[in-house]
Amino acid sequence: MTVRERAVVAGWNGFIGHRLVEDLTERGYDVARVGRSGPDATWSDPAGLARLVDGAALVVNLAGKSVGCRYTDANRDEILRSRVETTRQLREAIAAAHEPPRLWLNASTATIYRYAMDRPQTESDGELGSGFSVDVARSWEDELFAGELPGTRRVALRMAIVLGGPASDLLGRVARLGIGGPQYDGRWFQHRRYRGIGTNPTGGPVPMHHSRGRQRFSWIHIDDVLASIRFIEEHAGIEGPVNLSSPNPSDNRTLMAELRRTVGMPVGLPATRWMLEPAMWVLRNESELLLKSRWVLPERLQSAGFTFRWPDLRPALDDTVGSRRVHGAPDEG
């Protein structure tokens, strides 16, 4: 009888986690799931978590409160805590394991890089930014790479905006409402929601840029997230930060035009920041999703030979946002 290798997926109950559990199961893993309510281990039971990790071949951590919310003080604290503390618990469990996993993949975010309009950001020459979202990502990765784990390869998955889940659903909703024109940054009331956080907070006033709707939009299809994880498993030389993003980023103006085409909405009113901010308040999200210029390239994946199934934006949107219109699937919110 063949013994199936164990994969531990922490924070499995989001859309990426559900898809990953299905993919790993289809690939022959015995998948154990960790979350606030299990089912195989919970964060409140360190001993149970340690038993699952010991002897596992693979650990993937996707845990963390969704950033699809308003950055109130309570939400800010929970966004940081839920990432750093779960990563710390896993690191301690791996450090104590008699048979540590060969590979530990931990979610991160491409938002760790600075606002970029001048050049793309890669793992080798990218510059980290400042402010709340960047500080969360820094703290997250600092916890992942802390200490010595000689038996375990560690990779931070710096994911761009993933098409196929809540972020692309929100963009589709904006387009369907007829306000799917380009979004223009500009002056707005100063607030403290984007201020730095953690042990070494960075950032100051709310950033404002005159990008004229040309802020860059880096993205990746959910299928390529799963394929990237498998590729990293199979290529033992890949470790450290890895950008998970399409090799063909777009910009906001092009993104919104493609979204209008995808959802069949001929009208798309452009939105200045004065229009966008109240709309995002109603949608209970933050405007940086649309206003930050994220220009990220997957240098490490491509140099290792990874081939993207969905390298171009139009077919990727047709497959994700467009398929929901065709099949009548509800938004995930």
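First things first, this report covers the structure right here in the doc. Owing to the predicted nature of the structure, the values given are computational and were not obtained by experimental measurement.

1. Side note on the overall build of the protein chain
In step 1: Assigned secondary structure in the protein chain consists of 11 helices and 13 strands.
In step 2: Over its C-alpha trace the protein chain gives a radius of gyration of 20 Å, about what one expects of a compact globule, namely 20 Å for 333 residues.
In step 3: Principal axes of the C-alpha set define a box for the protein chain whose edges measure 60 × 45 × 40 Å.
In step 4: By the burial criterion, 55% of the 333 residues in the protein chain qualify as buried.

2. Here we look at the packing of helix H3 (residues 73-96) against helix H4 (residues 132-144)
The description of two helices packed together rests on the angle between their axes and the distance between the axes.
In step 1: Relative orientation of the contacting elements H3 and H4 amounts to 10°, with a least axis distance of 8 Å. Taken as axis vectors, H3 and H4 run roughly parallel relative to one another. Judged by residue contacts, Arg76, Ile79, Leu80, Arg83, Val84, Thr87, Arg88 and Arg91 of H3 engage Phe132, Val136, Ser139, Trp140, Glu143 and Leu144 from H4.
In step 2: Tallied by class, residues from the contact of H3 with H4 come to 7 nonpolar, 2 polar and 5 charged.

3. Some remarks on the packing of aromatic side chains
In step 1: Applying the stated criterion across every chain yields a total of 7 aromatic pairs.
In step 2: Seen from their ring centres, Phe189 and Trp274 are 5.3 Å apart, and the 75° between their planes marks the pair as edge-to-face. On the criterion of sequence distance, the pair formed by Phe189 in the loop between strand S8 (183-184) and strand S9 (216-217) and Trp274 in helix H8 (residues 273-282) is long-range, its members being 85 residues apart.
In step 3: Seen from their ring centres, Phe306 and Phe308 are 4.8 Å apart, and the 85° between their planes marks the pair as edge-to-face.
In step 4: Under the relative-accessibility criterion, Phe308 is labelled buried at 9%.

4. Focus on unusual backbone geometry
In step 1: Cis geometry is found at the peptide bond from Gly38 to Pro39, where omega equals 15°.
In step 2: Its location among the elements puts Pro39 in the loop between strand S2 (30-35) and strand S3 (41-42).
In step 3: Phi at Arg212 takes a positive value of approximately 55°, unusual for a residue other than glycine.
In step 4: The topology assignment puts Arg212 in the loop between S8 and S9.
In step 5: Classification of Arg212 by relative accessible area gives exposed; the value is 60%.
In step 6: A positive phi angle is found at Arg284, which is not glycine, with a value near 55°.
In step 7: With respect to the element layout, Arg284 can be found in the loop between H8 and helix H9 (288-291).

5. Observations concerning the pattern of salt bridges
If the charged atoms of two oppositely charged side chains come close together, the side chains can form a pair.
In step 1: Evaluated as defined, the whole model comprises 24 salt bridges.
In step 2: For Glu143, the salt bridge identified is with Arg91, shortest N-O distance 2.3 Å. Of the two residues, Glu143 sits in helix H4 while Arg91 sits in helix H3, which places them 52 residues apart along the sequence.
In step 3: Overlapping salt bridges bring together Arg114, Asp118, Arg119, Asp125 and Glu127 as one network.

6. Looking at the nonpolar core
In step 1: Core analysis: the biggest nonpolar cluster contains 35 residues, and Leu105, Met159, Val225 and Ile232 have the highest contact counts within it.
In step 2: Elements with a minimum of two residues in this core: strand S1 (6-10), helix H1 (15-26), strand S4 (58-61), strand S5 (103-109), strand S6 (153-159), helix H6 (222-234) and strand S11 (240-244).
In step 3: Beyond its immediate chain neighbours, meaning those up to four positions away, Leu105 contacts Leu58, Val59, Val60, Asn61, Val155, Leu157, Ile229 and Ile232.
In step 4: Counting residues in hydrophobic clusters, the runner-up holds 24 residues, among them Ile161, Met280, Leu290 and Ala316.

Calculation criteria
Residues numbered from 1 in each chain as written. Predicted model: local features only at pLDDT ≥ 70, side-chain atom pairs only at ≥ 80, totals over all residues. Heavy atoms only, no water. Helix = DSSP H or I, 4+ residues; strand = E, 2+ residues; numbered from the N terminus. Rg over C-alpha atoms; globule rule 2.2 N^0.38 Å. Buried < 20%, exposed > 50% of the residue type's maximum accessible area, 1.4 Å probe, protein only. Axes fitted to C-alpha atoms, helices over the stretch in contact; angles between N-to-C directions. Parallel < 35°, antiparallel > 145°, perpendicular 65-115°, else oblique. Contact = heavy atoms within 4.5 Å. Nonpolar A, V, L, I, M, F, W, Y, C, P; charged D, E, K, R; others polar. Phe/Tyr/Trp six-rings, centres within 6.5 Å; stacked < 30°, edge-to-face > 60°. Salt bridge = Lys/Arg side-chain N within 4 Å of Asp/Glu carboxyl O. Core = buried A, V, L, I, M, F, W, Y, C linked by side-chain atoms within 4.5 Å.

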